[in-house]
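Each chain is listed here by its residues.
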Amino acid sequence: MGETLQTVTTSFNRSLRVEHRAERLTGDPGAVALREILERSRIVQWMVPQLTDPRRQEDVVHDLGSLIRTSVLLAAQGWRDHDDADALRDDPALRLAVSSAAGQTPLMRARGLPSQPTLSRFAAIMAAPANRSVLREAVLELGARGARAERGGRRPERLTLDVDSMPIEVHGHQPKAEWNGHYHGRIYHPLITSVAETGDMLDARLRAGNVGTADGALDVILDVVDRAQASLCDVAMVRIDAGFPSATLLAGLEGRGIDYVARLKANPALDRLAAPHMKRPSGRRPAEPRMWLHTLHYRAESWDRKRRIVLVVQERPDDLLLDRFFLVTSLEPEQMSRREVLEHYRERGTAEGHMGELKDVLAPALSSTNRPKSHWRGRKTRTATPAVDAFACNEVRLLIALLAYQVMHIARRAMAHATGTGWSLRRLRERVLRAGARLILSGRRMTLALSGAAAPFWALLWPRITTLHWAGP
């Protein structure tokens, strides 16, 4: 892309000219605000000492901290592909935001953004099991630090973890991407753990596209609950959909003292228990649909004991027959009434909305393939290099997307508190993060001059960021 824009004149307004000038302009000033959140949370400083960097240090141009920030901030700003770093190599706001250096040093041409090959090699470094474990822990740790920062350094007492699968369609020959007949596409089928009450994303486990919804769910839930109770909250309970409950999973949760609310798939045995309650009361049907809640006790053939079931029977407009669904819970009636169980389960809708934002706004591009390194600094390598673990690299990219979500979510909540209105991630990106700005150099000082459209939002956002109480665990 070596083209130079020649001056052009528009046909609709002959007074308007379009030209290119060598000025320090940017469309991504939000990277500076998000870097401030990363810096104040100190999550990158927490990660780097625990990571292993196999590169020869005398050859390193971009340290691991700058590579982490580059990957996270590019994803948050909406640049999904590693190739985007090449196009944005000289963007002044991004260069300042990702660099580990201070002052004007990041603006030196030799220290532009990392290239696409460098970011791909970084993904391969992070794909090592030990490094990937640190990255996974960093996602939950950033959520925990953000939650404490909003509460004056205090941990939430009790949170509910929402565990669900999130199909991600992929293209090409990605390892373990398979056709899934339920979703009618070639997908990966990761498990995502989130918190509806706070909107945080805590964990992602990439899985092959043809696995069942509950495959490996118990091990994931137990691991995330342990880590959440160590860093995020005092007590964690679990909320899951109808694809998850099984004898092994329910018994495993109960064995660890983890409370749960889950939806059950209907079956003939449950239908027989519900049959006495599926009759509409006599009399004229009211205009407003009605709902009835009943407590049942049910033991499936594979279960070791009976469990409490909440039967939800409801009328639907223009439907002669009553509808029903079943919820199973470990909570006793004195701990949570039938209506409270139903209301608690319905909060899954909020968690699904946050997952939809992750999939729509962050849109993680899982496109790593098994291609061994053939060139280094423009020269062919003399020795064969082993193929990278492309499946692990794709999980790294998914976890990076979760980190980007977490940083944006902290900024989004700050804007919501400052304005008293709800903010979506897309609105945050379009109105606050992706605005026009100019970087002005004067002596040893640098000034990022924002456009008039973005300045009022930054005036609200920045004080909220600086007053968050970033306490330790």
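Further up the page is the structure itself.
Since the structure is predicted, the reported quantities are computational estimates derived from the model, not experimental observations.

Engineer: Hey, could you go over the side chain of Ser-41 for me, with residue numbers and the actual values?
Structural biologist: Tracing the backbone through its elements, the reader meets Ser-41 in helix H1 (residues 30-41). Classification of Ser-41 by relative accessible area gives buried; the value is 4%. Contacts of Ser-41, omitting those with residues within four sequence positions, involve Leu-142, Arg-145 and Trp-470.

Engineer: Give a description of the nonpolar core that names residues and reports values.
Structural biologist: With 77 residues, the main nonpolar core has Leu-34, Leu-362 and Val-432 as its most contacted residues. Not counting residues up to four positions away in its chain, the partners in contact with Leu-362 are Ala-75, Ala-76, Arg-80, Glu-357, Ala-401, Ala-404, Tyr-405, Met-408, Leu-425 and Arg-429. Counting 43 residues, the second-largest nonpolar core is a separate cluster that includes Ile-221, Val-238, Tyr-260 and Ala-274.

Engineer: Provide a residue-level description of the pairing of strand E4 (residues 158-165), including the pertinent values.
Structural biologist: In terms of residue burial, E4 counts as a mostly covered element, since seven of its eight residues are buried. As paired strands, E4 and strand E10 (residues 235-240) are joined by six bridges and run parallel to one another. Bridge assignment links Val-163 to a residue of E10, and that residue is Ile-240. Across five bridges, the pairing between E4 and strand E8 (residues 191-195) is antiparallel. Directly across from Asp-164, in E8, lies its bridge partner Ile-192.

Engineer: Give a description of unusual backbone geometry that names residues and reports values.
Structural biologist: Unusually for a residue other than glycine, Arg-42 sits at a positive phi of about 60 degrees. Relative to the elements of secondary structure, Arg-42 occurs in the loop between H1 and helix H2 (43-47).

Engineer: So what about the sheet that holds strand E11 (residues 260-264)? Which residues, and what values?
Structural biologist: Paired through backbone hydrogen bonds, the strands of a sheet run either parallel or antiparallel to each other. With respect to topology, eight strands assemble into an open sheet ordered E9-E8-E4-E10-E11-E14-E13-E12, the strand pairing being mixed. Unpaired on one side and paired on the other, strand E9 (201-205) and strand E12 (291-298) mark the two borders of the sheet. Between one strand and the next, the sheet's axes are offset by a mean angle of 20 degrees, whatever the strand orientation. Here seven bridges tie strand E13 (residues 307-314) to strand E14 (residues 323-329), and the two strands are oriented antiparallel to one another. Residue pairing in the sheet places Val-312 in a bridge with Phe-325 of E14.

Engineer: Tell me about the packing of aromatic side chains, residues and numbers included.
Structural biologist: Using the criterion set out here, one finds four aromatic pairs in the structure. When the ring of Tyr-298 is compared with that of Trp-303, the centres are 5.4 Å apart and the planes differ by 70 degrees; the resulting orientation is edge-to-face. On the accessibility criterion, Tyr-298 (9% relative accessible area) is buried. One residue, Arg-427, lies across the ring of Trp-423, its end atom 3.8 Å from the ring centre.

Engineer: So what's going on with helix H8 (residues 217-231)? Which residues, and what values?
Structural biologist: Taking 1.5 Å of rise per residue, 15 residues should cover 21 Å, and H8 covers 21 Å from first to last C-alpha, within 8% of that figure. Turning to H8, its buried residues number three or more, namely Ala-217, Leu-218, Val-220, Ile-221, Leu-222, Val-224, Val-225, Arg-227, Ala-228 and Ser-231. Where the residues of H8 are buried, they touch helix H7 (129-150), E4, E8, E9, E10 and helix H9 (247-255).

Rules used in this analysis
- Residues numbered from 1 in each chain as written.
- Predicted model: local features only at pLDDT ≥ 70, side-chain atom pairs only at ≥ 80, totals over all residues.
- Heavy atoms only, no water.
- Helix = DSSP H or I, 4+ residues; strand = E, 2+ residues; numbered from the N terminus.
- Buried < 20%, exposed > 50% of the residue type's maximum accessible area, 1.4 Å probe, protein only.
- Contact = heavy atoms within 4.5 Å.
- Core = buried A, V, L, I, M, F, W, Y, C linked by side-chain atoms within 4.5 Å.
- Pairing = 2+ DSSP bridges.
- Axes fitted to C-alpha atoms, helices over the stretch in contact; angles between N-to-C directions.
- Phe/Tyr/Trp six-rings, centres within 6.5 Å; stacked < 30°, edge-to-face > 60°.
- Lys NZ or Arg CZ within 6 Å of the ring centre and 35° of its normal.
- Expected span 1.5 Å × (residues − 1).

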